[in-house]
Amino acid sequence: MKTQYYTATSLDGYIADANNSLEWLFQFGDPEDGSYPSFIQEVGAIAMGSTTYEWILNHDSPDNPNANPAQPAWSYTQPAWVFTTRTLPAIPGADIRFVKGDVRPVYEEMRAIAQDKNIWVVGGGDLAGQFYDHGLLDEIIVTIASVTLGSGAPLLPRQITTPPLKLVSATTYGTAFVELRYAVQRSADEV
């Protein structure tokens, strides 16, 4: 079982633009032969921040005229924990738990429910950083798209220098994407 931050980013390190939009990414469609189908099969629990959740609500809702009618309002079958300090609407029929505060007690609950499957930190970067801060993040899987945004939501707003992340693999998908997999290494006093 691993806790994984799996996301896409621009070449200059932003997961969303200055308006918290992912429209820049959707111009590419689904990466040809991407890793998502095999990745999601190994996920037993999902963590996301409120901005990510609200983006899903605003863009995948059947009530949204800009939503993709071929895509359900909630495409996850796994239970999801949404970290928020605000009251947000639930999605009928979805196993969504709204939580706030320290990620550690929520992580223990997620682990118990995920059992031997992985925990996916969907976004944002600060939430992934909170898991990292407490030694709970095992792997970062980032797909880099061939665009720059100039500003927006950073990939991972943390300084990670010692020990550095360990590159496990690099895979190209078409002419627009490269996926990098990094293992999060622990310092000797964290092990």
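Predicted, not measured: the structure shown is a model, and the values here were computed from it.

## Remarks on unusual backbone geometry
Phase 1 of the analysis: In this chain, Gly 123 is followed by Gly 124 through a cis amide linkage whose omega measures 5°.
Phase 2 of the analysis: Positionally, Gly 124 belongs in the loop between strand 6 (118-123) and helix 5 (125-133).
Phase 3 of the analysis: The omega torsion across Thr 162 and Pro 163 is -5°, close enough to zero to call that bond cis.
Phase 4 of the analysis: Relative to the elements of secondary structure, Pro 163 occurs in the loop between strand 8 (153-154) and strand 9 (166-173).

## Quick notes on the environment of Val 168
Phase 1 of the analysis: Position of Val 168 among the secondary structure elements: in strand 9.
Phase 2 of the analysis: Those residues in contact with Val 168 that sit more than four places away from it in its chain are Arg 181, Tyr 182 and Ala 183.

## Thoughts on the side chain of Asp 17
Phase 1 of the analysis: By secondary structure assignment, the location of Asp 17 is in the loop between strand 2 (14-16) and helix 1 (23-26).
Phase 2 of the analysis: In this structure, Asp 17 is buried with no salt-bridge partner, the nearest side chain bearing the opposite charge being Arg 86 at 15 Å.
Phase 3 of the analysis: Only 3.0 Å separates the side chain of Asp 17 from the backbone nitrogen of Ser 21, close enough to count as a polar contact.
Phase 4 of the analysis: Once residues within four sequence positions are removed from consideration, Asp 17 is found in contact with Trp 24, Leu 149, Ser 151, Gly 152 and Ala 153.

## Topic: the pattern of salt bridges
Opposite charge on two side chains lets them pair, provided their charged atoms get close.
Phase 1 of the analysis: Across all of its chains, the model carries ten salt bridges by this definition.
Phase 2 of the analysis: We note a salt bridge from Arg 158 to Asp 133, for which the minimum N-O separation is 2.9 Å. Of this pair, Arg 158 sits in the loop between strand 8 and strand 9 while Asp 133 sits in helix 5; the two residues are 25 residues apart in sequence, bridging distant segments of the chain.
Phase 3 of the analysis: Owing to a relative accessible area of 24%, Arg 158 belongs among the partly exposed residues under this scheme.
Phase 4 of the analysis: Relative accessible area serves as the criterion here: at 42%, Asp 133 is assigned to the partly exposed category.

Cut-offs used in this document
Residues numbered from 1 in each chain as written. Predicted model: local features only at pLDDT ≥ 70, side-chain atom pairs only at ≥ 80, totals over all residues. Heavy atoms only, no water. Helix = DSSP H or I, 4+ residues; strand = E, 2+ residues; numbered from the N terminus. Contact = heavy atoms within 4.5 Å. Buried < 20%, exposed > 50% of the residue type's maximum accessible area, 1.4 Å probe, protein only. Lys, Arg positive; Asp, Glu negative; His and termini not counted. Salt bridge = Lys/Arg side-chain N within 4 Å of Asp/Glu carboxyl O. Polar contact = N/O pair within 3.5 Å; in protein donor to acceptor, adjacent residues only side chain to side chain.

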